[in-house]
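Analysis of the macromolecular model
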Amino acid sequence: ELAKRADKVRENGGTAVVGWMRGTNPGSMAYELANYVCSSAGVKWLQSWQFKVESHTDIIRNRYFTRYADYYYSTDFLKNENAGITQVSADRVLWNPFMRERKKDGFREIVIPMINLPKDDFICQYHDVPALKNPVFAITPAKGEIIDSVWVMDPMDPVEAKQIKVSGNQFKIENLKESVMVLVRLKGK
């Protein structure tokens, strides 16, 4: 729902904001997941660590969301059900509601924020840290397009985006801990 509502705001040139969400204590896995869900949907949460500094981890995340704010919150990125990305493997990785694309500088850029979900179907206060996962995704370029590059950005490494290998139009995210964002760049068309 957050992603759908954020899309309505983006169509009109704005960025969505959530004021309050209760039931998550700072430092808990539920708090971490709620923050990643908001950001992945393109929504700013006013009561989150995006605006607070309570620990060293908050400082690292704030750097990440400042550096990559364009990819999370830009009004240029819009939903396209036919973007050409499919999940090949990995259970309980949330990504499809958050995938958006834009055209810029001769490229079609697809952003795919991903969240590694715990085993439960809802966010509650007492989640365990999810097990590491290695999801694999497939890219189907549109006619006349070629894959230029695939990049991974990790909130715990705010300094450097890492280019990853594409093999047979598939890419793999190694050791997905809590959340990452993938940028797929296609050129042509």
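Attention here is on the structure that accompanies the text. (Residues numbered from 1 in each chain as written. Predicted model: local features only at pLDDT ≥ 70, side-chain atom pairs only at ≥ 80, totals over all residues. Heavy atoms only, no water.)

**Thoughts on the pairing of strand E9 (residues 157-164)**
Where strand E8 (residues 145-154) meets E9, 4 bridges bridge the pair, whose relative direction is antiparallel. Across the sheet, residue Val150 finds its bridge partner in E9, namely Ile164. If you look at the hairpin formed by E8 and E9, you'll find 2 residues sitting between the two strands. (Pairing = 2+ DSSP bridges. Helix = DSSP H or I, 4+ residues; strand = E, 2+ residues; numbered from the N terminus.)

**Considering the side chain of Arg102**
Tracing the backbone through its elements, the reader meets Arg102 in strand E5 (residues 100-104). In terms of polar contacts, Arg102 uses its side chain to reach the side chain of Glu109, at 2.7 Å. Here Arg102 is in contact with Asp70, Tyr71, Ser74, Asp76, Phe77, Phe107, Arg108 and Glu109, once residues within four sequence places are set aside. (Polar contact = N/O pair within 3.5 Å; in protein donor to acceptor, adjacent residues only side chain to side chain. Contact = heavy atoms within 4.5 Å.)

**Remarks on the pattern of salt bridges**
Under the defined criterion, the tally for this structure stands at 13 salt bridges. Note that Arg185 is salt-bridged to Asp148, the shortest N-O span being 4.0 Å. In this pair, Arg185 is assigned in strand E11 (residues 179-188) and Asp148 in strand E8, connecting sequence segments 37 residues apart. The partly exposed category is assigned to Asp148, whose relative accessible area is 30%. Between Asp157 and Lys162 there is a salt bridge, with its nearest N and O atoms 2.3 Å apart. Judged by relative accessible area, Asp157 falls into the partly exposed class, the value being 23%. (Salt bridge = Lys/Arg side-chain N within 4 Å of Asp/Glu carboxyl O. Buried < 20%, exposed > 50% of the residue type's maximum accessible area, 1.4 Å probe, protein only.)

**Focus: the packing of aromatic side chains**
When we look at a pair of aromatic rings, we describe it by the centre distance and by the angle of the planes. Scanning all chains against the criterion turns up 8 aromatic pairs. Geometrically, the ring pair formed by Tyr64 and Phe65 is edge-to-face, given 5.0 Å between the ring centres and 85° between the ring planes. On the accessibility criterion, Tyr64 (0% relative accessible area) is buried. Both rings, one in Tyr72 and one in Tyr73, keep their centres 6.1 Å apart while their planes meet at 40°; by these two values the pair is tilted. By the burial criterion, Tyr72 is buried, and Tyr73 matches it. One aromatic cluster in this structure is built from Tyr64, Phe65, Tyr68, Tyr72 and Tyr73. (Phe/Tyr/Trp six-rings, centres within 6.5 Å; stacked < 30°, edge-to-face > 60°.)

**Thoughts on helix H2 (residues 29-40)**
Counted at 1.5 Å a residue, the expected span for H2 with its 12 residues is 16 Å, and the 16 Å between its end C-alpha atoms agrees. Among all positions of H2, only Met29, Ala30, Tyr31, Glu32, Leu33, Ala34, Asn35, Tyr36, Val37, Cys38, Ser39 and Ser40 are buried. (Expected span 1.5 Å × (residues − 1).)

**So, helix H1 (residues 2-11)**
Given 3.6 residues per turn, any residue in an α-helix points the same way as the ones three and four places further on. Every buried residue of H1 is listed here: Ala3, Ala6, Asp7 and Arg10. One side of H1 holds all its buried residues, which, seen down the axis, span an arc of 105°. For H1, the exposed residues lying more than 90 degrees away from the buried face are Lys4, Arg5 and Lys8. Buried residues belonging to H1 abut strand E1 (16-18), strand E2 (43-45), helix H4 (69-73) and E5. Where H1 terminates, the next one or two residues include Gly13, which has phi positive at roughly 85°. (Arc of directions from axis to C-beta.)

**What about the pairing of E8?**
As paired elements, E8 and E11 share 8 bridges and run antiparallel to each other. Pairing of Trp151 across the sheet is with Leu183, part of E11.

Geometric values such as these leave the question of function open.
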